[in-house]
Amino acid sequence: MMTVADSFFERQRSSRWLRVCSVIGVLAVTIFVIGIWRVGISSQSALSTTVTYLPIINETLKLTSHVIVESNSHAVGVVRLTLTNLSTERPVPMEPTFLSIHYRDAQQQLEVVPWSWKFQGDHNNDTVLDQGEHVQISINLGEVLSVPLIANTPFMLELQSEDSAILRIHRTLPPQLSPLIDLQ
């Protein structure tokens, strides 16, 4: 026969078990969602395009145009991309001390690639990319790569702030280079 005290303690154990199961369930869902979030966005086309957005990109920067490549028909010279800031709370200083660009392909890896920038459209004439502003980033790979970037070569550019990775852009050059190439 169960006493009132035994019944009370049995309900407490059941209640504690339900709380533990709830916490485990929330953790499992969180881990699952973060895993999907970090996978990123990938689409296959003739140019093999992959863009990976790390968590900060969802709040801050977004690639707003195709990646444009200028070449001399033998090797890539300049890569241009246009970005916008989506965040009202996180302006992005357009300075190499805050924003760095890394380059990687099968032959080489550069931790810091020199780059320049130019605002596109409306902006407030400062050096910070605010919400809704657009900036074109130009990266002169022809001057810094020890092995030229040639046709059919996959490569990756990673824009990184001083505290975390922001944006990774994977592209593969087409089989034949022309003076101006749209890598979508």
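The structure this text deals with has already been given above.
Quick caveat, the model's predicted, so the values are computed rather than measured.

**Q** For this particular structure, what's the right way to read the packing of aromatic side chains?
**A** Applying the stated criterion across every chain, the model contains 2 aromatic pairs. Ring geometry for Y103 versus F155: centroids 6.2 Å apart, planes at 20°, classification stacked. Here Y103, found in strand β7 (residues 99-105), pairs with F155, found in strand β12 (residues 154-161); they are 52 residues apart in sequence, far enough to count as distant. Taken individually, Y103 and F155 each receive the classification buried, so the pair is uniform in this respect. Each ring, one from W117 and one from F119, has its centre 5.1 Å from the other, and the planes form 80°; the classification is edge-to-face.

**Q** I keep staring at unusual backbone geometry and nothing clicks. Help me out?
**A** Negative phi values dominate among residues other than glycine, just as trans dominates among peptide bonds. Positive phi, normally seen in glycine, also occurs at S73, with a value near 75°. Mapped onto the elements, S73 comes out in the loop between β4 (68-71) and β5 (76-85). The exposure class assigned to S73 is partly exposed, which follows from its relative accessible area of 38%. If you check the backbone angles, Q184 has positive phi at about 50° while not being a glycine. By the element assignment, Q184 lies in the segment after β14 (180-182). Given a relative accessible area of 47%, Q184 falls into the partly exposed group.

**Q** Hey, could you run me through the nonpolar core in this one?
**A** Within soluble globular proteins, side chains that are nonpolar generally end up buried alongside one another. If you look at the biggest cluster of nonpolar residues, it comprises 34 residues, and the most contacted ones within it are L81, L83, I137 and I139. Elements represented by at least two residues in this core include exactly β3 (61-63), β5, β7, β9 (115-120), β11 (134-140), β12 and β13 (165-172). A total of 4 residues in this core trace back to one element, the largest contributor, which is β5. Sequence-distant contacts of L83, defined by excluding residues within four places in its chain, comprise L61, K62, L63, T64, E133, H134, V135, I137, L159 and L167.

**Q** Help me understand the side chain of E158, please; the structure alone is not making it clear to me.
**A** Following the sequence through the fold, E158 ends up in strand β12. The class for E158 is buried, based on a relative accessible area of 8%. At a separation of 2.5 Å, a polar atom in the side chain of E158 contacts the side chain of R168.

About the thresholds
- Residues numbered from 1 in each chain as written.
- Predicted model: local features only at pLDDT ≥ 70, side-chain atom pairs only at ≥ 80, totals over all residues.
- Heavy atoms only, no water.
- Phe/Tyr/Trp six-rings, centres within 6.5 Å; stacked < 30°, edge-to-face > 60°.
- Helix = DSSP H or I, 4+ residues; strand = E, 2+ residues; numbered from the N terminus.
- Buried < 20%, exposed > 50% of the residue type's maximum accessible area, 1.4 Å probe, protein only.
- Core = buried A, V, L, I, M, F, W, Y, C linked by side-chain atoms within 4.5 Å.
- Contact = heavy atoms within 4.5 Å.
- Polar contact = N/O pair within 3.5 Å; in protein donor to acceptor, adjacent residues only side chain to side chain.

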